[in-house]
Amino acid sequence: MNELNEVLTGLKKRKKNLSPKFLYDEKGSELFESITKTKAYYPTSAETEILKDHSAEMAWMIGPYATIIEPGCGNCEKIRYLLRKLPRPRAYIASDISAEILHRRTDDLQEEFPTIPILPIVEDFNERITIPFDNMPSQGKRVVFFPGSTIGNLAPAEAQKLLKRFARSVRKGGGLLIGVDLKKDPKILHRAYNDPEGITAQFNLNLLNRLNRDFDASFDLRQFEHKSFYNPRRSRVEMHLVSRAPQTVTIANKKIRFGRNESIHTENSYKYTVAEFKKLAAGAGFTLKQSWQDTRNFFCVYYFER
Ligand code: AVJ
């Protein structure tokens, strides 16, 4: 399905929704990076703390000659902690959908780690995960690195399917080093997705700007409001855009009606206890070897092997 049809299908549903992937145009990616620097949004700082404090142990568990695969590496920032400690890694394979940003980031990494082959691949990991030189013999493990609680964007059944694809990619004996947000006091979750600076609100509303630009839509951003809350029944933070008034919006000449307070669901961010995530990964063929948390126990990095 092309993207315009995807947008229209989501907006014609009784409960309107849009894929969170539409949040990440250039402006959206910039806004997300600003979110990670706010005090309220703890996941990035908590995960970075874990990687800084425990990368030597992670590297030791992974062992020598490893091939590290990072699907959707974004700014390829977090892998540095691991690359500094890994014994003679064979390659770092970084994929992302934005070619320009990806090549800029991997060029910088190659300069910082001149002896490690850094291989950028432009692709969407939801569609495929390419491993160059796939059939060359190798001594070390293949390990998928998947930080940032990106797995939390998917509902558990879909998340498990993606973990199964990771398991296939790393083959028997391969590893998965993955960062996942923990369940916690809903007040802390609420604040993380409603930062007082209002950057998360801008990030969410920017989706409408993007629809206006890329899909010839007529959204008036002043007529919508950012709303985000923890849904304990589904163990997820939901992000919505709520219509402030009854209104009609056009997208590529198609009319979409909104009632007052009707919402577009734009993102989910699932939260897991260690026991829950361990079980989800076990269903995909992964055995937990070790896990690490930050000092506040807000976030967890897991190392699994298939
Ligand atoms: C990048 C998907 C992990 O769900 O916490 C941050 C995105 N949305 N604030 C998350 C996000 C609102 C983030 N992920």
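The shown structure was predicted, so the numbers you read here are calculated from the model rather than taken from an experiment.

Student: Can you walk me through the packing of aromatic side chains in this structure?
Tutor: Under the criterion given, the structure shown has 17 aromatic pairs. With a centroid separation of 5.8 Å and 80 degrees between ring planes, the pair formed by Tyr41 and Tyr193 is classed as edge-to-face. Linking Tyr41 in the loop between α2 (26-36) and α3 (42-62) with Tyr193 in the loop between α7 (186-192) and α8 (199-214), this pair joins segments that are 152 residues apart in sequence. The residues Tyr41 and Tyr193 share a single accessibility class, namely buried. A ring pair is formed by Phe286 and Phe304, whose centres lie 6.2 Å apart and whose planes are at 50 degrees; its orientation type is tilted. Taken together, the positions of Phe286 in the loop between α9 (274-282) and β12 (287-293) and Phe304 in strand β13 (residues 299-305) put the pair 18 residues apart, joining distant regions of the chain. Like Phe304, Phe286 is buried. Among the aromatic residues, those joined into a ring-pair cluster are Tyr24, Phe32, Tyr41, Tyr193 and Phe203. Stacked on the ring of Phe258, the Lys or Arg Lys16 has its end atom at 5.0 Å from the ring centre. Here Arg84 stacks its cationic end above the ring of Tyr81, 5.5 Å away from the centre of that ring.

Student: Quick question: what am I supposed to make of the site of the ligand here?
Tutor: Residues in close proximity to the ligand include Tyr24, Phe32, Tyr41, Gly148, Ser149, Asn153, Tyr193, Thr200, Phe203, Met239, Glu267 and Ser269, which together make up its full environment. Side-chain polar atom of Tyr193 to an oxygen atom of the ligand: 2.6 Å apart, as the coordinates give it. Within the side chain of Ser269, a nitrogen or oxygen atom sits 2.7 Å from an oxygen atom of the ligand. Within the complex, the protein chains bury 95% of what would otherwise be the 350 Å² of accessible surface of the ligand. Mapped by element, the contributors of at least two residues to the shell around the ligand are α8 and β11 (263-270). Of the residues contributing to the shell around the ligand, the split by class is 6 nonpolar, 5 polar and 1 charged.

Analysis parameters
- Residues take numbers from 1 onward in each chain, read along the sequence in its written order.
- With pLDDT at 70 or above as the cut-off, local features in this predicted model cover only qualifying residues; side-chain atom pairs require 80 or more to be listed or tallied, and sums for whole chains, interfaces and linings still use all residues.
- The basis for every side-chain value is the complete set of non-hydrogen atoms in the structure, without hydrogens or water.
- Aromatic rings from Phe, Tyr and Trp, taking only the six-membered ring of Trp, are treated as a pair when their centres fall within 6.5 Å; an angle between ring planes under 30 degrees marks them as stacked, one over 60 as edge-to-face, and anything in between as tilted.
- Only DSSP runs of H or I reaching four residues or more are called helices, and only runs of E reaching two or more are called strands; each is numbered from the N terminus.
- Per-residue accessibility, obtained with a 1.4 Å probe over protein chains only, is compared with the maximum for each type, and a residue is labelled buried under 20%, exposed over 50%, and partly exposed between these values.
- Remark: a charge is flagged as sitting over a ring if the NZ atom of Lys or the CZ atom of Arg is within 6 Å of the ring centre and within 35 degrees of the ring normal.
- Here a residue counts as near a molecule or strand whenever at least one of its heavy atoms sits within 4 Å of it.
- Definition of a polar contact: a pair of N or O atoms within 3.5 Å, with one able to donate and the other able to accept a hydrogen when the atoms are protein atoms, and with sequence-neighbouring residues admitted only if both atoms are side-chain atoms.
- Only the protein chains shown count as covering a residue, and every accessible area follows the Shrake-Rupley method with a 1.4 Å probe.
- Classification used: nonpolar for Ala, Val, Leu, Ile, Met, Phe, Trp, Tyr, Cys and Pro, charged for Asp, Glu, Lys and Arg, polar for all others including Gly.

None of the figures reported here should be taken as evidence of function without further support.
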